[in-house]
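Here are the chains, one letter per residue:
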Amino acid sequence: MEKLKIAGGYPLKGTVRISGAKNSAVALIPATILADSPVTIEGLPEISDVEILKDLLEEIGGTVQFSNNEMTVDPSSMISMPLPNGKVKKLRASYYLMGAMLGRFKKAVIGLPGGCHLGPRPIDQHIKGFEALGASVTNEQGAIYLRANELVGARIYLDVVSVGATINIMLAAVRAKGRTIIENAAKEPEIIDVATLLTNMGAKIKGAGTDVIRIDGVDELHGCRHTIIPDRIEAGTYLILGAAAGEGILIDNIIPQHLESLIAKLREMGVPIDAKDDQVFVGKAESFKPVDIKTLVYPGFPTDLQQPFTSLLTRAKGTSVVTDTIYSARFKHIDELRRMNANIKVEGRSAIISGPVQLQGAKVKASDLRAGAALVIAGLMAEGITEITGVEHIYRGYSHIVEKLEGLGATIWKEDLSKEEMEQMNQA
Ligand SMILES: CC(=O)N[C@H]1[C@@H](OP(=O)(O)OP(=O)(O)OC[C@H]2O[C@@H](n3ccc(=O)[nH]c3=O)[C@H](O)[C@@H]2O)O[C@H](CO)[C@@H](O)[C@@H]1O
Ligand SMILES: C=C(OP(=O)(O)O)C(=O)O
């Protein structure tokens, strides 16, 4: 186990290239289960969520090759092996194995998913969808048992706009009999990416990216080649980091339209931003104005960027309010930022940030993926050395973060945890 150390205060400059999208990757990889011949996905990020899904596909009998960010999955020998425990608990997106295995084998046993702890994260809408398609779904000792004689298309209205439920129902429905209509569907770009892969595999899907998705089931899906979209959350993190600690950073391999809400807020703060086709330049601000943000479903401000953005707001002169309408408890980074001298209080679903303050290096712990990103940004802005433990959360979603930051001139390095720190981590 290791920790990250950052010597803060060095201005960052240069170009950083964004990797493939984690939240697409974790759905595209399970989607390959539905094909009858090899599927190749190009541009995958090198993150632990991808490695774990690769292992899970191998556990169920898939042949998987992964090198140079390209994964080829031969699903022809897969079986519906029960996966009630083990690696499925290490990531949120293992829930996509439910939809994909149900779609192909009409049965699956998958342990309840892990992922970041951000308040309650039920999967009732996924289950509502599977049941509407004709599956029986039971929860036995923390594992979900799904079984269907056949899957038949249905009209499914999501009570909550859910990325996971939208994709999971698509996965189960593409090989069902007849038409499925998902109403009040989520509209995130990752949903379009998954629909594009499934369409290239032979599925019939219309409306992905709108709130009504129509799927006409087909008997078989075949192999294909697909290039993943860039990670808008990783890109957003580097945009925020560039604003917070940069003197001119070019973000390469980005779709600026995916980040309009963030770019608008950065401009409102006074950050110079120049967006081109697939690159965005973030310049150095003279000073930062305070802003309020409210997280919303796409195309609103993404909850996954709320925590990194909070670190930047410690530099703004005045009071800013960050409200998370998606998750009830996504504020575990706040106590850690306070250790670094931030002036923030949490009231219900809002964090109230008073600034500007000069952050000070401290020993802090990443409780989840984006809390980790918030602490990295804070460490880059801080005076002195910041030590971050819990970095395994960061590696779930940020490909080569140390190398990318070094490329921008940051002083950041990995160190093994001391025996005492290992004991503390194991007790937590
Ligand atoms: C692997 C992945 O893609 N993770 C992303 C995905 O998570 P995930 O797919 O888990 O998030 P959802 O969009 O499903 O959740 C949104 C909200 O709906 C609630 N809900 C969801 C499903 C359900 O059956 N019942 C229910 O009540 C959740 O508790 C949450 O409050 O979208 C989130 C919202 O953009 C992001 O933060 C995550 O990074
Ligand atoms: C919450 C996140 O991930 P997950 O849903 O995989 O836990 C995230 O990417 O910020």
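The name that an unreviewed UniProt entry assigns to the chain is UDP-N-acetylglucosamine 1-carboxyvinyltransferase, with the source organism given as Robertmurraya kyonggiensis. Word for word, the UniProt comment on the chain under Sequence similarities (unreviewed entry) is "Belongs to the EPSP synthase family. MurA subfamily." The heading Pathway (unreviewed entry) in the UniProt record of the chain holds the text "Cell wall biogenesis; peptidoglycan biosynthesis."

S.K.: If you had to explain the overall build of the chain to someone new, which residues and values would you point to?
M.R.: Scanning the chain from terminus to terminus reveals 14 helices and 23 strands. Against the compact-globule benchmark of 22 Å for 428 residues, the chain has a radius of gyration of 21 Å, which places it among compact chains. Taking the principal axes of its C-alpha atoms as reference, the chain extends roughly 60 × 45 × 40 Å. Within the span of the chain, comprising 428 residues, buried residues form 52% of the whole.

S.K.: A description of the UniProt feature "active site" (unreviewed entry) in the chain should follow, citing residues and the corresponding values.
M.R.: The UniProt record marks Cys116 with the feature "active site" (unreviewed entry), using the residue numbering of this structure. Judged by C-beta crowding, with 22 C-beta atoms within 10 Å, Cys116 ranks as buried. Dropping the residues within four chain positions of it, Cys116 is found in contact with Arg92, Asp368 and Leu369.

S.K.: Before we move on, can you summarise the nonpolar core with the specific residues and values?
M.R.: Judged by nonpolar contacts, the single largest core of 142 residues is most densely connected at Met170, Leu239, Ile251 and Ile377. Looking at this core element by element, the count peaks at 10 residues for helix α11 (residues 369-381). When near neighbours in sequence (up to four residues on either side) are disregarded, Met170 contacts Val194, Ala195, Leu198, Ile205, Ile213 and Ile215.

S.K.: Please provide a residue-by-residue account of the packing of helix α3 (residues 96-105) against helix α5 (residues 163-173), values included.
M.R.: α5 packs onto α3 with a crossing angle of 15° between their chain directions and a minimal axis gap of 7 Å. Between α3 and α5, the crossing angle belongs to the class labelled roughly parallel. You can see that α3 and α5 cross each other, and the crossing is right-handed. Between α3 and α5, the contacting residues are Tyr96, Met98, Gly99, Ala100, Leu102 and Gly103 on the first element and Ile167, Asn168, Ile169, Leu171 and Ala172 on the second.

S.K.: Quick one: what's the story with the sheet that holds strand β8 (residues 143-147), residue by residue and with numbers?
M.R.: Strands belonging to one sheet form pairs held by backbone hydrogen bonds; the direction of such a pair is parallel or antiparallel. Across the sheet, three strands lie side by side as β6-β8-β7; this open sheet has antiparallel pairing. Each of the sheet's edge strands pairs with one partner strand only, and the pair in question is β6 (107-111) and β7 (136-140). Across the sheet, the mean angle from the axis of one strand to that of its neighbour is 15°, orientation sign disregarded. The sheet contact formed by β7 and β8 spans five bridges and is antiparallel. Across the sheet, Thr138 pairs through a bridge with Tyr145, a residue of β8. Relative to the sheet, α3 contacts β6 and β8, its axis offset from that of β6 by approximately 165°.

S.K.: Just give me the short version of the packing of helix α1 (residues 22-31) against helix α2 (residues 48-59), but keep the residues and values in it.
M.R.: Orientation of α1 relative to α2, taken along the N-to-C sense of each, is 5°, at an axis distance of 10 Å. Judged by the angle between their axes, α1 and α2 are roughly parallel. Contacts between α1 and α2 involve Lys22, Ala25, Val26, Ile29 and Pro30 from the former and Asp49, Val50, Leu53 and Leu57 from the latter.

S.K.: Any chance you could break down the domain arrangement of the chain for me, citing the residues and the numbers?
M.R.: By the assigned domains, the chain splits into domain 1 (2-19 + 230-427) and domain 2 (22-227). The distance between the C-alpha centroids of domain 1 and domain 2 comes to 30 Å. Counting residues at the interface gives 18 residues for domain 1, matched by 17 residues for domain 2. Residues of the side of domain 1 that touches domain 2, tallied by class, amount to seven nonpolar, six polar and five charged.

S.K.: Talk me through the UniProt feature "binding site: UDP-N-acetyl-alpha-D-glucosamine" (unreviewed entry) in the chain; I want residue IDs and the actual numbers.
M.R.: Under the feature "binding site: UDP-N-acetyl-alpha-D-glucosamine" (unreviewed entry), the UniProt entry names Arg92, Arg121, Pro122, Ile123, Asp124, Gln125, Asp304 and Ile326. As for its position among the elements, Asp124 is in helix α4 (residues 124-132). Given 11 C-beta atoms within 10 Å, Asp124 falls into the exposed group.

S.K.: Could you give an account of the confidence of the model for the chain, naming the residues involved and the relevant values?
M.R.: Taken residue by residue, the chain gives an average pLDDT of 96. The fraction at 70 or more is 100%. With a pTM of 0.98, the predicted complex shows an ipTM of 0.99.

S.K.: Please give an account of the pairing of strand β5 (residues 70-74) that cites residues and values.
M.R.: The two faces of β5 differ: Met71 and Val73 on one face are buried, but Glu70, Thr72 and Asp74 on the other face are not. In this sheet, β5 lies alongside strand β3 (residues 39-42) in antiparallel orientation, the contact comprising three bridges. Considered in β5, the bridge of Ile41 is made with Met71. Alignment of strand β4 (residues 63-67) against β5, held across five bridges, turns out to be antiparallel. Its bridge partner being in β5, Ser67 is matched across the sheet by Glu70. Connecting β4 to the antiparallel partner β5 that follows it, the hairpin turn spans two residues, and Asn68 within it adopts a positive phi of roughly 50°.

About the thresholds
- Residues numbered from 1 in each chain as written.
- Chains lettered and ligands numbered in written order.
- Predicted model: local features only at pLDDT ≥ 70, side-chain atom pairs only at ≥ 80, totals over all residues.
- UniProt positions renumbered as here; feature names shortened; annotations may be inferred.
- Helix = DSSP H or I, 4+ residues; strand = E, 2+ residues; numbered from the N terminus.
- Rg over C-alpha atoms; globule rule 2.2 N^0.38 Å.
- Buried ≥ 20, exposed ≤ 12 C-beta atoms within 10 Å, placed from the backbone.
- Contact = placed C-beta atoms within 7 Å.
- Core = buried A, V, L, I, M, F, W, Y, C linked by C-beta atoms within 7 Å.
- Axes fitted to C-alpha atoms, helices over the stretch in contact; angles between N-to-C directions.
- Parallel < 35°, antiparallel > 145°, perpendicular 65-115°, else oblique.
- Left-handed = near helix turned anticlockwise from the far one by under 90°.
- Pairing = 2+ DSSP bridges.
- Domains from an automatic or database assignment.
- Nonpolar A, V, L, I, M, F, W, Y, C, P; charged D, E, K, R; others polar.
- pLDDT = per-residue confidence, 0-100.

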